[in-house]
Each structure stands twice: as structure tokens, then as C-alpha cells.
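So you can see what is in the structure, the chains are spelled out below.
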Amino acid sequence: IMAPAAAHLAKGGGFADLGSSTNRVEILQSVHPNLESPDRLEGKVIHVDHFGNLISNITDRDLASLSEDREALSVSIGIGDADSRLIGVLQKTYADAPKGTLLGLLGSGGFVEIAVHLGNAKEALGAKIGSTIVIERN
């Protein structure tokens, strides 16, 4: 949305061409994960890609606040009010998990994601944007 708007303005287009003005202000929730304790970090699914991978708002830098040793960290996802599912220890690559298996890893975009090796995590879990992702030190 922003790139086409910026291009329009850069070519001399007017703001009125982009839409009507508004006086309404909406305060958005924080996009940063919460460090719940020295051993627990809680984030959210912020994007589902076209493969069905669940991309969180948790970055490599956030993980470092828990541990430099990624093998000491496990990931789980909350799929409803009381339903939580342990995914397991963070993996380095998709291939580190058997085909069809759920895994958590730091994706190429720099965010923790939950995936299914050669599958679709969104369909497998019934998760969606806003689902809670928890990283805990083992």
C-alpha cells in the first residue's frame, strides 16, 4: 500500500487522489513481543505466507534476550482461548524436521516462524494472524 502511494506522490500526484481524509485515529497494539519472564517470550502471528507458514513478530534479537543457544529454546503456539500446542526446539532449517512435521525456526526474513516441512502450518494447526507464539528457555 505504501509503495504505490509514495510513487504517486513522488510523481507529483496529490493527497486527495489517495483517498478521503479522516479525523479518526486508531491506536494499534504494540508489534513487539513481550518478555514475560527471564525464561519466557510471548509474541503473535503477524503474517501467514502463501505456503501456510506462520510468521511471528519475534526476531533473532528477541531470542537473544532469552539465550544465545537456540537449542535451549522451545516454541509453542496458542490456537484458541485455552488450547496450546508445543512445537518443540527451534530448528535451524526446514530439512531438520521430517517431512510433514511441525517445526519452529528463524526464517529468512529474520522472524520466528512455525511451519510444516513440505506442508501447511496454517491448515495443520487452524492458526491465524493474532495467534500467540511462546518461546521458552528449556
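Residues numbered from 1 in each chain as written. Predicted model: local features only at pLDDT ≥ 70, side-chain atom pairs only at ≥ 80, totals over all residues. Heavy atoms only, no water.

Topic: the overall build of the protein
We count it as follows: By definition, any uninterrupted DSSP run of H or I lasting at least four residues is a helix, any uninterrupted run of E lasting at least two residues is a strand, and each is numbered from the N terminus. Radius of gyration here is computed from C-alpha atoms only, and the compact-globule reference equals 2.2 Å multiplied by the residue count raised to the power 0.38. Exposed residues in this analysis have more than 50% of their type's maximum accessible area, buried residues have under 20%, and partly exposed residues fall in between, with area computed by a 1.4 Å probe over protein chains only. Note on contacts: a residue pair is in contact if any heavy atoms of the two residues lie within 4.5 Å. Under the counting rule used here, the positive set is Lys and Arg, the negative set is Asp and Glu, and His together with the chain ends is not counted. Note that the charge is assigned to NZ on lysines, CZ on arginines, CG on aspartates and CD on glutamates.
Within the protein one finds three helices and eight strands. Beginning at the N terminus, the succession of helices and strands in the protein can be written as α-β-β-β-α-β-β-β-β-α-β. In terms of overall dimensions, the protein is more spread out than a globule: its C-alpha atoms have a radius of gyration of 18 Å, far above the 14 Å expected for 138 residues. Residues classed as buried in the protein amount to 33% of the 138 residues present. Residue pairs in contact within the protein that sit at least 24 positions apart in sequence constitute 50% of those at least 6 positions apart. Of the side-chain charges in the protein, 12 are positive and 17 negative, and the distance between the mean point of each set is 4 Å.

Regarding the nonpolar core
For the record, the criterion: Put simply, a nonpolar core is a bunch of buried Ala, Val, Leu, Ile, Met, Phe, Trp, Tyr and Cys residues held in one set by side-chain atoms that sit within 4.5 Å of each other.
The biggest cluster of nonpolar side chains holds 20 residues, and the ones touching the most others in it are Leu-54, Ile-77, Ile-114, Leu-125, Ile-133 and Ile-135. Mapped onto this core, the elements with two or more residues apiece are β2 (40-48), β3 (54-59), β4 (73-78), β7 (111-116), α3 (121-125) and β8 (132-137). The residues contacting Leu-125, other than those within four sequence positions of it, are Leu-54, Ile-77, Ile-79, Arg-85, Ile-87, Leu-102 and Ile-114.

Quick word on the pattern of salt bridges
Pairing of side chains with opposite charge becomes possible as their charged atoms draw close. Filter applied, for reference: Every case where a carboxyl oxygen of Asp or Glu lies within 4 Å of a side-chain nitrogen of Lys or Arg is listed as a salt bridge.
Under the counting rule described, the total for this entry stands at four salt bridges. A salt bridge links Arg-137 to Asp-39; its shortest N-O distance comes to 2.6 Å. Here Asp-39 lies in the loop between β1 (34-37) and β2 and Arg-137 lies in strand β8, a separation of 98 residues in the sequence. Via salt bridges that share partners, Arg-40, Glu-42 and Glu-136 belong to a single interconnected network.

Describing unusual backbone geometry
Look at Leu-118: it is not a glycine, yet its phi comes out positive at around 60 degrees. Within the fold, Leu-118 resides in the loop between β7 and α3.

Concerning the environment of Ala-95
Checked against the element boundaries, Ala-95 lands in the loop between β5 (84-89) and β6 (102-106). Judged by relative accessible area, Ala-95 falls into the exposed class, the value being 61%. Residues Ala-95 and Val-116, 21 residues apart in the sequence, show an inter-C-alpha distance of 10 Å.

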